[in-house]
Amino acid sequence: MLSSPFQNSPIDRLESFYKFHTTADVLRLDQLHPVVSGNKWFKLQHYLQQAGAEGKRIILTYGGAYSNHIVATAAATRERGLQSIGVIRGERPRELSPTLLEAQSYGMQFHFVTREAYRDKALPQELLQSHDLKDLFLIPEGGYGLPGALGAATILSGHETNSYTHILAACGTGTTLAGLIRAARDGQQVIGIPVLRNYYSLEAEIKILLPPQHTPFTLLHDHHQGGYAKHNPELIRFMNWWYEQTGIPSDFVYTGKLFYAAHLLAEQGYFPQGSRLLLIHSGGLQGNRSLPKGTLIF
Ligand SMILES: *Cc1c(COP(=O)(O)O)cnc(C)c1O
């Protein structure tokens, strides 16, 4: 395993859940690094090992201008002495986003492509002219794939997590949840909160990453707050309130929606009395830089 700062993330107890007759802890992957999303780092490890084993020096991957995956890939490849290329959705902006500036500071090169080309995951012509395809190692968007899930399965390593009855995490591609399902013990309930709207094929996408016999899991589709990277005043109010209550910052794309869902579910009595919840804070705080200043109190 890579020597990284990503070994033992702290666990925080949420006293605000005692009134629901449950204990709730938060695994603070966000505290592992100020910018690089904790879950992304885990998802990348096996891809980077594979690239190393195949002697590939250049990692290519895809993302948007505020993508946690892009900045994590840039940082993780730099740490391994590899180069990175980001294929970025949309026209090159006049000013790069803070996320892209950060990725650039880790040496990532960008190719901006139209939304259509991005959707098709076509490789830009200029890139094919300047590089030999066989030198490139492709990591799918968001790190989706078996290597990503196997990396995410190590998120719980180093912590005693057997006593938790429920493990909850936000889902984009579902790769992280697949890893958590792989790592869960029998009888533990793994609950995913999809942040995309009406993303009902997610269950099948996750199952592709699991062995035929696996711990059952549940996806709760009603907590996306309007859809991917969408937010509303209610979510923002909750995130500020949650920060005041717990001291834990969240991001508006993933973890804000997870914590909001967990809070609502507990309030509605979804968890039996005496449940022990583990909420995965998957990081992503850098994405809040796309919000107008002053939106959040942290
Ligand atoms: C990417 C991301 C997720 C989603 O991870 P998947 O493995 O794609 O489901 C969750 N939280 C944060 C903070 C992320 O950046």
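What you see is a predicted model; the values in this text were computed from it and never measured.

Asks: What is the right way to look at the overall build of the chain in this model?
Replies: Tallying secondary structure elements over the chain gives 10 helices and 10 strands in all. Relative to its length of 298 residues, the chain is compact, with a C-alpha radius of gyration of 19 Å against a globular reference of 19 Å. Taken over the C-alpha atoms alone, the chain extends approximately 60 × 45 × 35 Å along its principal axes. For the chain, the residues scored as buried account for 56% of the 298 residues in total. In the chain, the proportion of contacts linking residues at least 24 apart, taken out of those at least 6 apart, comes to 74%. Surface summary for the chain: the accessible area is close to 13,300 Å², and the carbon and sulfur share equals 49%. Computed over 26 positive and 24 negative side-chain charges, the separation of the two mean positions in the chain equals 2 Å.

Asks: When you look at the sheet that holds strand β10 (residues 276-281) in this model, what are you seeing that I'm missing?
Replies: Within a sheet, each strand pairs with its neighbour through backbone hydrogen bonds, oriented either parallel or antiparallel. Strands sit in the order β1-β2-β10-β7-β8-β9 across an open sheet of six strands; the sheet is mixed. Looking along the sheet, the strands with just one partner apiece sit at the ends: β1 (11-13) and β9 (217-219). Strand after strand, the sheet turns through a mean of 25° between neighbouring axes, direction not considered. Pairing of strand β7 (residues 166-171) with strand β8 (residues 189-194) involves six bridges; the strand directions are parallel. Pairing of Ala-169 across the sheet is with Gly-192, part of β8. With respect to the sheet, helix α10 (residues 255-267) is in contact with β2 (23-28), β7, β8 and β10, its orientation differing from that of β10 by roughly 165°.

Asks: Sorry if this is basic, but what is going on with the site of the ligand here?
Replies: The ligand sits among 15 residues. The nearest are Lys-40, Asn-68, Thr-173, Thr-176 and Ser-282. Contact between the ligand and Thr-175: an oxygen atom at 3.4 Å from a main-chain N or O atom of the residue. Contact distances for the ligand include 2.7 Å between an oxygen atom and a side-chain N or O atom of Thr-176. The fraction of the free accessible surface of the ligand (380 Å²) that becomes covered by protein chains is 98%. Sorting the residues of the shell around the ligand by element identifies α1 (38-53) and α7 (175-183) as the ones contributing at least two each. Counting residues per element, the shell around the ligand draws most heavily on α1, at three residues. Its residues placed into classes, the shell around the ligand shows two nonpolar, 11 polar and two charged.

Asks: How do you make sense of the packing of aromatic side chains when you look at a structure like this?
Replies: Summed over the entire model, instances satisfying the criterion amount to 11 aromatic pairs. On the numbers, 5.4 Å between centres and 85° between planes, the contact of Phe-17 with Phe-20 is edge-to-face. Residues Phe-17 and Phe-20 agree in their burial class; the two are buried. Connected via pairs of aromatic rings, a cluster forms that spans Phe-17, Phe-20, Phe-238, Trp-241, Trp-242, Phe-259 and Tyr-260. Sitting over the ring of Tyr-254, Lys-40 keeps its end group 5.3 Å from the ring centre.

Asks: Sorry, what's going on with helix α3 (residues 98-105) here?
Replies: Along α3, the residues that are buried comprise Thr-99, Leu-100, Glu-102 and Ala-103. Each buried residue of α3 lies within a common arc of 155° when the element is viewed along its axis, so the set occupies one face. Against α2 (68-79), β4 (83-89) and β5 (109-113) lie the buried residues of α3.

Asks: Sorry, what's going on with unusual backbone geometry here?
Replies: As a rule of thumb, non-glycine residues mostly have phi less than zero, and peptide bonds are mostly trans rather than cis. In the Ramachandran plot, Asn-198 falls in the positive-phi region, its phi being about 50° despite a non-glycine side chain. Among the structural elements, Asn-198 can be located in the loop between β8 and α8 (202-207). Its relative accessible area of 44% is what places Asn-198 among the partly exposed residues. The phi dihedral of Gln-225 is positive, around 55°, even though this residue is not glycine.

Asks: Any chance you could explain the nonpolar core here in plain terms?
Replies: For soluble globular proteins, the rule of thumb is that nonpolar side chains tend to be buried together. Counting 32 residues, the largest nonpolar core has Leu-14, Phe-17, Leu-168, Trp-242, Phe-259 and Leu-279 as the members making the most contacts within it. Sorting the residues of this core by element identifies β2, β7, β8, α9 (233-246), α10 and β10 as the ones contributing at least two each. Broken down by element, the residue count for this core peaks at seven residues, all from α10. Those residues in contact with Trp-242, other than ones at most four positions away along the chain, are Leu-14, Phe-17, Gly-247, Ile-248, Phe-259 and Leu-279. Of all hydrophobic cores here, the second largest spans 27 residues; its members include Ala-169, Leu-177, Leu-219 and Leu-278.

Criteria and thresholds
- Residues numbered from 1 in each chain as written.
- Predicted model: local features only at pLDDT ≥ 70, side-chain atom pairs only at ≥ 80, totals over all residues.
- Heavy atoms only, no water.
- Helix = DSSP H or I, 4+ residues; strand = E, 2+ residues; numbered from the N terminus.
- Rg over C-alpha atoms; globule rule 2.2 N^0.38 Å.
- Buried < 20%, exposed > 50% of the residue type's maximum accessible area, 1.4 Å probe, protein only.
- Contact = heavy atoms within 4.5 Å.
- Areas by Shrake-Rupley, 256 points an atom, 1.4 Å probe, with all protein chains shown as cover.
- Lys, Arg positive; Asp, Glu negative; His and termini not counted.
- Charge placed at Lys NZ, Arg CZ, Asp CG, Glu CD.
- Pairing = 2+ DSSP bridges.
- Axes fitted to C-alpha atoms, helices over the stretch in contact; angles between N-to-C directions.
- Near = heavy atom within 4 Å.
- Polar contact = N/O pair within 3.5 Å; in protein donor to acceptor, adjacent residues only side chain to side chain.
- Nonpolar A, V, L, I, M, F, W, Y, C, P; charged D, E, K, R; others polar.
- Phe/Tyr/Trp six-rings, centres within 6.5 Å; stacked < 30°, edge-to-face > 60°.
- Lys NZ or Arg CZ within 6 Å of the ring centre and 35° of its normal.
- Arc of directions from axis to C-beta.
- Core = buried A, V, L, I, M, F, W, Y, C linked by side-chain atoms within 4.5 Å.

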